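A structural walkthrough
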Amino acid sequence: MTKKIIIATGNQGKVNEFKELFSGIDLSVSSLKDHWNPLPDIEENGSAFYDNAKIKADWVYERRGGVWALADDSGLEVDALGGAPGVLSARFSGEGATSESNNEKLLNDLKEIPEHLRTARFKCVLVLKTGPETYLSAEGTCEGVIITEKSGSRGFGYDPLFIPQGFNETFAQISSEEKNKISHRGKAMRALYKELQKIID
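All values reported here derive from a predicted model rather than from experimental measurement. (Residues numbered from 1 in each chain as written. Predicted model: local features only at pLDDT ≥ 70, side-chain atom pairs only at ≥ 80, totals over all residues. Heavy atoms only, no water.)

**Side note on the side chain of Lys179**
By secondary structure assignment, the location of Lys179 is in helix 4 (residues 176–182). Among residues more than four places away in sequence, those in contact with Lys179 are Glu17, Gly155, Phe156, Asp159, Phe171 and Ile174. (Helix = DSSP H or I, 4+ residues; strand = E, 2+ residues; numbered from the N terminus. Contact = heavy atoms within 4.5 Å.)

Below you can see the structure in the form of structure tokens.
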């Protein structure tokens, strides 16, 4: 029997990545857009990625009668900025933040930082709520550097500014297949995938 999972996001880019990574399991994947219009504004007031992911998973699970709810919280940690933007990655440039304004702020904040000190990492924490008090979780990181101007049109968020370790192109330049192999979300998903297989199989 196909298991239903609601991904607690309205970001179609994330939904597509999850669908690709889940393709080997008998799951029916939907997103917030499929259940709410307008999209709900779930307050993410946690101090860590895990906290925010759990808040979102709890919110969806409770309002959809116990349908499994999967949430991620992910972001960019820049060493020269003391780990910022971190949990504030999506809202880095303030109220009404967009990917464009967040990227502009990041470049501005790093404009005096030399190339060798622009190290950073993407981090992703996944929380899957499978029962009133039961959860699965996994996390992944991808190390890299922040470049001085955007490059590439794929991906979303900070992807045009981030070159993963061992590559010469940004996340916004490499294929989605290549990105999924090395990305923070890809690593977290594969870890969660193994746990899901044990439950569903």
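**What about the pairing of strand 5 (residues 134–146)?**
In the sheet, strand 4 (residues 119–131) pairs with strand 5 via 12 bridges, with the strands oriented antiparallel. Within strand 5, the residue paired with Phe122 across the bridge is Cys142. Where strand 5 lies against strand 6 (residues 162–164), three bridges are found, and the strand directions are antiparallel. Looking at the pairing, Val145 lines up with Ile163 of strand 6. (Pairing = 2+ DSSP bridges.)

**What to know about the packing of aromatic side chains**
Tallied over the full model, the rule gives five aromatic pairs. Ring centres of Trp36 and Trp59 lie 5.1 Å apart, and the angle between their planes is 55 degrees; on these two criteria the pair is classed as tilted. Of this pair, Trp36 sits in the loop between strand 2 (27–31) and helix 2 (49–63) while Trp59 sits in helix 2, and the two are 23 residues apart along the sequence. One exposure class covers both Trp36 and Trp59, and it is buried. Between the aromatic rings of Phe162 and Phe171, the centroid separation amounts to 5.2 Å while the plane-to-plane angle is 50 degrees, which identifies the pairing as tilted. The same class applies to Phe162 as to Phe171, namely buried. Clustering of aromatic rings is evident, with ring pairs tying together Phe122, Phe162 and Phe171. Sitting above the plane of the Phe92 ring, Lys105 keeps its charged end 4.8 Å from the centroid. When the ring centre of Phe171 is taken as reference, the NZ or CZ atom of Lys179 above it lies at 5.3 Å. (Phe/Tyr/Trp six-rings, centres within 6.5 Å; stacked < 30°, edge-to-face > 60°. Buried < 20%, exposed > 50% of the residue type's maximum accessible area, 1.4 Å probe, protein only. Lys NZ or Arg CZ within 6 Å of the ring centre and 35° of its normal.)

**Some details on the pattern of salt bridges**
Following the criterion strictly, the structure yields 14 salt bridges and no others. Residue Glu195 pairs with Lys198 through a salt bridge whose shortest N-O separation is 3.4 Å. Residue Glu195 and its partner Lys198 are both found in helix 5 (residues 184–200); the two are separated by three residues, about one turn of the helix. On the accessibility criterion, Glu195 (31% relative accessible area) is partly exposed. Under the relative-accessibility criterion, Lys198 is labelled exposed at 62%. Residues joined by salt bridges that share partners form a network here, namely Glu77, Asp79, Arg121, Lys123 and Glu143. (Salt bridge = Lys/Arg side-chain N within 4 Å of Asp/Glu carboxyl O.)

**Comments concerning the side chain of Asn52**
Looking at the element boundaries, Asn52 is found in helix 2. The buried category is assigned to Asn52, whose relative accessible area is 0%. Those residues in contact with Asn52 that sit more than four places away from it in its chain are Glu44, Asn45, Gly46, Asp73 and Val87.

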